[in-house]
There are 2 protein chains.
Amino acid sequence: VKTHAAFLELFNNRLNEYRAELEGRKPAGLYDSESYFLSLGGKRLRPVLALIACDLFGKDPRLALPSALAVELFHNFSLIHDDILDQAPLRRNQPTVHVKWNTSTAILSGDAILVKAFRALESHKPVEFRKLSTLLYRTAILVCEGQQLDMEFEQLKKVSVQDYIGMITGKTAVLLGCSLQMGAVSAAAGRSAQERLYEFGRLIGIAFQLSDDLLDAYADTTDFGKKKGGDILCNKKTFLMLKARELAKPAQLEELDRLMALGEDHEKEKLDGVLAIFDRLKVKDHCRKEADKRTRAAISCLGRLRAEPEKIENLKQLAYELLAREV
Amino acid sequence: VKTHAAFLELFNNRLNEYRAELEGRKPAGLYDSESYFLSLGGKRLRPVLALIACDLFGKDPRLALPSALAVELFHNFSLIHDDILDQAPLRRNQPTVHVKWNTSTAILSGDAILVKAFRALESHKPVEFRKLSTLLYRTAILVCEGQQLDMEFEQLKKVSVQDYIGMITGKTAVLLGCSLQMGAVSAAAGRSAQERLYEFGRLIGIAFQLSDDLLDAYADTTDFGKKKGGDILCNKKTFLMLKARELAKPAQLEELDRLMALGEDHEKEKLDGVLAIFDRLKVKDHCRKEADKRTRAAISCLGRLRAEPEKIENLKQLAYELLAREV
């Protein structure tokens, strides 16, 4: 049975080959920016999931290397464009593409990487190529929709908790499901096994995003240089905030509005005040409960999967590790 | 034998169906902007070429409708993103997407349309789907490269005429070739026929862009509200300008530099001065010659094509019409 590290190495070798092909290609702006962004690292979670899913059915995980590359390239495309949308200056503590080059290059570089994500599947025979491509297309549209919703929510006064979960499903969760399903397709697994893995990934993805919301508000240590309570300070509509507004009495809602209107010179008052309301309304528990519900549902998707029990156990463990970051 | 108008109607019906599916879809920003942009019109040249190419081999042109939709969507994606790059306020006299909505929506909307261009091919059976997809992917990368080169040229002091032709080949010409080849693939035409049509489209595309450069500087009537001499006034590195700088004697080069540095309050002096140098260096003739060379080579690609002579003649005529705009 392969370890997580073994899957990661398998993928990293493929990615290094891919990056070597970019070397010296023209126009420089397009390919240097791609190579730079890919060098910033990351957990490579999506490609590893594709390899794990393929391996689960007793097939050589290398069969899923095209899918692994495809989902990682797709993820990087979406980060480059997302960084423009968010006007983010840094990604993994390094300048983003639109800062290091310019917005135009970041747009074009992202576009080209999106196309290359699809091209990564070209080595597949037609029937498999079509299955994998259509799956990735469908997911790509959901991701664009999720990102658009995320933007539109910023402008809306009222967003329901349900809408929020729909948004993070598109923005984060479906690509995890897609990565696993593509691995299963590469292993020629049956339709229902494919779909269970997709669902497992989708549910874990939602749980993951919900625990990310928790981490941002409650984690003691800072993760990737993020500021503690950063979401609260920038009035982000996270699960916690939306649930709080849903449960708040009129006076609490008024207090939340007052706190959210506070400027940079009142950071401590804002953070402490919002967290106090969160505590009174127990939104942390609600969030944890929603995340746990998805995690349980995800695990149950694995129950009826015909694959080696030890490998299923490893996948479960990976999911728990993803979710078990200290809060 | 079908007329151009018949092919156009066939495509417009398909496009209207497609647009009807967008109606009321959420998130609104993503789909309203797509529908709006598609409603701005255009010659629909690329989809018509795909239908014509399919028809050329005696097959029902409707077989090429997925390809026609794919290339038109792809073209619209590239225009939306290009408008951001150029900071263009208007497209066909209407506000561009990044102006009517915002840059973020224009980026995401373009991304989604790019994916949907590829998705348009999903109705094809696997072998054909793979052929068409890989062709469109390859073309898409060339278009991104062409657009990046176009941007990089703006910053470069010296660009050769050859580099310029390479840039317009990517930015404009290859998609015309691709449209024709996709039509031929949809008709299950042989490999060499496909490749000749691609080459025909690519060469016509270069000739088309070169005559566009001529039109901008020399046309009496204004086309789509473009300003006469707009390229000259904004110091665009067109074929004419690059050729002029290549042929200019030191004193003429100095005069060109002086004219190009003139501001908006000296438009007449700038335009007249640059055109006078163009005249002395006969760059108009050079440009016409380069365009004609490509047109002849394009026409010769059709010579060895096994298809109905009358239909080949129609395609030739379309090419001449495209190129014969008065200068």
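Quick note: structure is the one above.
Residues numbered from 1 in each chain as written. Chains lettered and ligands numbered in written order. Predicted model: local features only at pLDDT ≥ 70, side-chain atom pairs only at ≥ 80, totals over all residues. Heavy atoms only, no water.

Draft legend 1. Representation of the overall build of chain A. Check the secondary structure of chain A and you find 15 helices and two strands. A globule of 327 residues ought to have a C-alpha radius of gyration of about 20 Å, and chain A, at 21 Å, matches this closely. Along the longest, intermediate and shortest principal axes, the C-alpha atoms of chain A span 60 × 50 × 30 Å. Looking at chain A as a whole, 57% of its 327 residues are labelled buried. Looking at chain A alone, contacts between residues at least 24 apart form 73% of all its contacts between residues at least 6 apart. Approximately 14,300 Å² of chain A is accessible, and the part contributed by carbon and sulfur atoms is 50%. (Helix = DSSP H or I, 4+ residues; strand = E, 2+ residues; numbered from the N terminus. Rg over C-alpha atoms; globule rule 2.2 N^0.38 Å. Buried < 20%, exposed > 50% of the residue type's maximum accessible area, 1.4 Å probe, protein only. Contact = heavy atoms within 4.5 Å. Areas by Shrake-Rupley, 256 points an atom, 1.4 Å probe, with all protein chains shown as cover.)

Draft legend 2. The arrangement of the pattern of salt bridges in detail. Evaluation of the coordinates by the stated rule reveals 44 salt bridges over all chains. Among the ionic pairs, Glu17 of chain B bridges to Arg14 of chain B, the shortest N-O distance being 3.5 Å. Taken as a pair, Glu17 of chain B and Arg14 of chain B lie in helix H1 (residues 4-22) at a separation of three residues, close to a single helical turn. One salt bridge connects Glu313 of chain B with Lys316 of chain B, and the closest N-O pair in it is separated by 3.7 Å. Linking Glu313 of chain B with Lys316 of chain B, this pair stays in helix H15 (residues 309-323), spanning three residues, or about one helical turn. Accessibility expressed as a relative area gives 43% for Glu313 of chain B, which makes it partly exposed. Overlapping salt bridges, with partners in common, bring together Asp55, Glu308 and Lys311 of chain A in one network. (Salt bridge = Lys/Arg side-chain N within 4 Å of Asp/Glu carboxyl O.)

Draft legend 3. How the structure looks around the packing of aromatic side chains. Here the structure, examined in full by the defined rule, presents ten aromatic pairs over all chains. Here Phe118 of chain A and Phe118 of chain B contribute two aromatic rings whose centre-to-centre distance is 5.5 Å and whose plane-to-plane angle is 75°, an arrangement assigned as edge-to-face. Of this pair, Phe118 of chain A sits in helix H6 (residues 103-119) while Phe118 of chain B sits in helix H6 (residues 103-119), which puts the two residues in different chains. When its relative accessible area of 0% is taken as the criterion, Phe118 of chain A is described as buried. Between Tyr137 of chain A and Phe118 of chain B, the aromatic rings sit 6.2 Å apart at their centres with planes inclined by 20°, giving stacked as the arrangement. In this pair, Tyr137 of chain A is assigned in helix H7 (residues 126-155) and Phe118 of chain B in helix H6, connecting two distinct chains. Grouped by ring-pair contacts, the aromatic residues Phe118 and Tyr137 of chain A together with Phe118 and Tyr137 of chain B constitute a single cluster. (Phe/Tyr/Trp six-rings, centres within 6.5 Å; stacked < 30°, edge-to-face > 60°.)

Draft legend 4. Region of interest: the environment of Val283 of chain B. Looking at the element boundaries, Val283 of chain B is found in helix H14 (residues 283-303). For the pair Val283 of chain B and Val143 of chain B, spaced 140 residues apart in sequence, the C-alpha to C-alpha distance is 27 Å.

Draft legend 5. Highlighting the nonpolar core. The biggest cluster of nonpolar side chains holds 238 residues, and the ones touching the most others in it are Leu197, Phe200, Phe278 and Leu315 of chain A together with Leu197, Phe200 and Phe278 of chain B. Dropping the residues within four chain positions of it, Leu197 of chain A is found in contact with Ala53, Leu56, Phe57, Gly177, Leu180, Ala184, Leu302, Leu305 and Leu315 of chain A. (Core = buried A, V, L, I, M, F, W, Y, C linked by side-chain atoms within 4.5 Å.)

Draft legend 6. Summary view of the relation of the copies chain A and chain B. Least-squares fitting of chain A to chain B yields an RMSD of 0.0 Å, with the superposition described by an axial translation of 0.0 Å and a rotation of 180°. Both copies are brought into coincidence by an operation consistent with a two-fold rotation axis. Of every C-alpha in chain A, the one belonging to Pro126 of chain A sits nearest the axis of rotation, 2.5 Å from it. Taken as a fraction of all interface residues of chain A, those also at the interface in chain B reach 100%, which identifies the copy contact as same-surface. (Least-squares fit on C-alpha atoms with pLDDT ≥ 70 in both.)

Draft legend 7. Region of the structure containing the interface of chain A and chain B. With 42 residues of chain A in contact, the opposing surface of chain B contributes 42 residues. Interface of chain A and chain B: buried area, both sides summed, is about 3,700 Å²; carbon and sulfur atoms make up 71% of it. The three residues of chain A that bury the most area against chain B are Leu108, Arg130 and Tyr137 of chain A, which together make up 17% of that side's buried surface. Where chain A packs against chain B, one counts two salt bridges. Its salt-bridge partner being Glu145 of chain A, residue Arg25 of chain B comes within 3.5 Å of it at the nearest N-O pair. On inspection of chain A and its partner chain B, the count reaches 14 residue pairs in polar contact (both at pLDDT 80 or more). Elements represented by at least two residues in the side of chain A that touches chain B include exactly helix H2 (28-39), helix H4 (65-85), H6 and H7 of chain A. It is H7 of chain A that contributes the most residues to the side of chain A that touches chain B, 17 residues altogether. Class assignment of the residues belonging to the side of chain A that touches chain B gives a composition of 22 nonpolar, nine polar and eleven charged. (Buried area = accessible area lost by both parts, 1.4 Å probe. Polar contact = N/O pair within 3.5 Å; in protein donor to acceptor, adjacent residues only side chain to side chain. Nonpolar A, V, L, I, M, F, W, Y, C, P; charged D, E, K, R; others polar.)

Draft legend 8. Molecular detail of helix H13 (residues 267-281) of chain A. Residues and elements named next belong to chain A. Here H13 contains 15 residues, and its C-alpha end-to-end distance of 21 Å stays within 8% of the 21 Å for a straight helix at 1.5 Å per residue. Taken together, the buried positions of H13 are occupied by Lys270, Leu271, Gly273, Val274, Leu275, Ile277, Phe278 and Leu281. Looking at the residues trailing H13, positive phi occurs at Lys282, about 55°. (Expected span 1.5 Å × (residues − 1).)

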